[in-house]
Amino acid sequence: MQIKQLPADFKAALPVLEKIEQAGFEAYFVGGSVRDHILGLPIHDVDIATSAYPEEIKEIFKRTVDTGIQHGTVTVLMGDDSYEITTFRTESGYQDYRRPDKVTFVRSLGDDLKRRDFTINALAVDLNGNVIDKFDGLKDLDKKIIRAVGKAEERFHEDALRMMRAVRFQAQLNFKVEDKTAQAIADNAPLLEKIAVERIREEFVKLLLSQSWQTGFADFLKLGLSEYCPGFNEQKLKLEELLVPQKQIFMDEDEAWVAIGYVLSLNHGEFSHLLRDWKVSNKTRETSLNTLNLLHLFDSRDFDLWNIYKLGVGNLERTIELCKMFDIEFDYSKLQEKVAKISIKSSRELALSGKDVCEILGVKPGPIIGKSMSQIERAIVEGNVSNNFDDLRHYLLSNQ
Ligand code: ATP
Ligand code: MG
């Protein structure tokens, strides 16, 4: 197959490939960008693979950065653009089911493609648009199939993360995992325990945020991968509840985590524990915890403007999405209207300070000040007083 019209991102990088070829080496576009272009999807990063060794690349180009030189990756700077160029390599000795003990640079494209995870990711394109397809990746793209390069079992023994990558690509592309590859995942799922949770999370979050996350998530459960993820052991039945609603896509990572916390029936402490075990960012943890609290309040119909405000108005949209997902019904738009009328975002916006309260009430600083401030804040949030000095002063004096 020849790609007649190279996409703009590839065209822009052609001078890089030409320069490498002029120096007597080979260079190709490889990996996800080739796959995505053939599928007609937008391309993000353009990866280039070459027979030149990193030192040779650095001789060919003036401006380079050693991004991952021990793995063979050099970044070449050209104009305002930068390109990651990786030397063809083979990997060997995966004794711990994750990282190879040894990376060897090689001169053959075929050897490099052989070490790649799936046939659809093992395609290369030369500067004339010719597609090099040694493992029937094009056929699998056409059939919408994710198939390991070579023997799936061996490939997952080399790097167990590839099992998560399989279900992640399934979710992103709406493909099917080919039978033997799926069987090898089912047989080797326990190896996932050898993988750092951050790497599993990265694939898992990509899966959840995909267009067809249900299909990837269904196989994540069916093939037994979930059993070896933090907090998911023996939770398959509950996690399957996520697949029942006709949910389109999650708006962000936080919403997805809350949906998981909800179907697992976790309380605040348990959910916090789960998120820590998955090592999510502090920001995601905080947002997700507040959102789950809100969802529980909505679920028990026990909410008011004050607790919505305290748990973050910014979490309301996410929570309403989840209410829709789990059939928690109420007049969403009426509530949104009311919330939109809340005139402050935090206590920092109060038109009155603690010092003012002391003066107005004629008291010395003490716990009463905090109590009064909080009383004022709540009154503003609930629309009982406007946030201006005179009104607040009057409110304070008449609500002693
Ligand atoms: P994305 O669209 O998420 O960037 P991608 O296919 O480009 O998808 P990357 O993680 O960026 O995925 O990796 C680039 C390429 O490197 C892959 O297409 C694949 O050929 C190879 N690759 C990445 N991770 C692995 C792995 N764990 N085992 C084997 N090959 C891998
Ligand atoms: Mg990529």
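In case you missed it, the structure is sitting above this.
Cut-off values and rules
Residues numbered from 1 in each chain as written. Chains lettered and ligands numbered in written order. Predicted model: local features only at pLDDT ≥ 70, side-chain atom pairs only at ≥ 80, totals over all residues. Heavy atoms only, no water. Axes fitted to C-alpha atoms, helices over the stretch in contact; angles between N-to-C directions. Helix = DSSP H or I, 4+ residues; strand = E, 2+ residues; numbered from the N terminus. Parallel < 35°, antiparallel > 145°, perpendicular 65-115°, else oblique. Left-handed = near helix turned anticlockwise from the far one by under 90°. Contact = heavy atoms within 4.5 Å. Nonpolar A, V, L, I, M, F, W, Y, C, P; charged D, E, K, R; others polar. Pairing = 2+ DSSP bridges. 1 Å grid on protein atoms, 1.4 Å probe; cavity = no way out; pocket = protein on both sides within 12 Å on 5 of 7 lines; lining within 4 Å. Points joined across faces, edges and corners; volume = space filled by probe spheres on them. Salt bridge = Lys/Arg side-chain N within 4 Å of Asp/Glu carboxyl O. Buried < 20%, exposed > 50% of the residue type's maximum accessible area, 1.4 Å probe, protein only. Near = heavy atom within 4 Å. Polar contact = N/O pair within 3.5 Å; in protein donor to acceptor, adjacent residues only side chain to side chain. Sits in = over half its atoms within 2 Å of the grid points.

Enquirer: Hey, could you go over the packing of helix 7 (residues 161–173) against helix 10 (residues 213–222) for me, with residue numbers and the actual values?
Expert: The interhelical angle for the contact between helix 7 and helix 10, taken along N-to-C directions, is 155 degrees, at an axis separation of 6 Å. Here helix 10 runs roughly antiparallel to helix 7, going by the angle between their axes. Crossing geometry of helix 7 relative to helix 10 is assigned as right-handed. Contacts between helix 7 and helix 10 pair M164, V167, Q170 and A171 from the former with W213, T215, G216, D219 and F220 from the latter. Looking at the contact of helix 7 with helix 10 residue by residue, the class counts come to 5 nonpolar, 3 polar and 1 charged.

Enquirer: How would you sum up the pairing of strand 3 (residues 64–68)? Please name residues and give values.
Expert: Sheet topology note: the strand 3/strand 4 (residues 73–78) ladder contains 3 bridges and is antiparallel. Within the sheet, the bridge partner assigned to G68 lies in strand 4 and is T73. Linking two consecutive strands that pair antiparallel, namely strand 3 and strand 4, is a turn of 4 residues; a positive phi of about 95 degrees is found at G72 within it.

Enquirer: Lay out the layout of surface pockets in plain terms, naming residues and giving numbers.
Expert: Gaps left between atoms show up when a probe the size of a water molecule is rolled over them. In this model, the largest pocket occupies a volume close to 1,700 Å³. If you trace the largest pocket, you find 46 residues lining it, with D47, R116, D117, R165 and R168 closest to the centre. Secondary-structure elements contributing two or more residues to the lining of the largest pocket are helix 2 (32–38), strand 2 (47–50), strand 3, strand 5 (81–87), strand 6 (89–92), helix 7 and helix 9 (197–208). Ranked by residue count, the leading element in the lining of the largest pocket is helix 7, at 7 residues. For the lining of the largest pocket, the class distribution of residues is 14 nonpolar, 11 polar and 21 charged.

Enquirer: Before we move on, could you go through the pattern of salt bridges and cite the residues and values that matter?
Expert: Within this structure, the stated rule accounts for 25 salt bridges. A salt bridge links D159 to R199; its shortest N-O distance comes to 4.0 Å. Taken as a pair, D159 in the loop between helix 6 (152–158) and helix 7 and R199 in helix 9 lie far apart in primary sequence, 40 residues in all. As a salt-bridge pair, E382 and R378 come within 3.0 Å of each other at their nearest N and O atoms. Taking the relative accessible area as the measure of exposure, E382 reaches 30% and is therefore partly exposed. Exposure remark for R378: the relative accessible area of 33% places this residue in the partly exposed category. Several salt bridges converge on common partners, so that one network encompasses R89, E91, D112, R115 and R116.

Enquirer: Account for helix 10, naming residues and giving values.
Expert: An α-helical turn contains 3.6 residues, so a residue and the one three or four places further along point in the same direction. For helix 10, the full list of buried residues reads W213, G216, F217, D219, F220 and L221. For helix 10, the elements touching its buried residues are helix 7, strand 11 (176–177), helix 9, helix 11 (236–240) and helix 16 (316–325).

Enquirer: Report on the site of ligand 1, specifying residues and quantitative values.
Expert: The local shell around ligand 1 holds 14 residues, among which R35, N121, D159, R162 and R168 are the closest. At 2.8 Å, a side-chain N or O of R35 approaches an oxygen atom of ligand 1. Take H44: an N or O atom from its side chain is 3.3 Å from an oxygen atom of ligand 1. Counting atoms within 2 Å of the grid points, the majority share of ligand 1 lands in the largest pocket. Broken down by element, the residue count for the shell around ligand 1 peaks at 4 residues, all from helix 7. For the shell around ligand 1, the class distribution of residues is 1 nonpolar, 4 polar and 9 charged.

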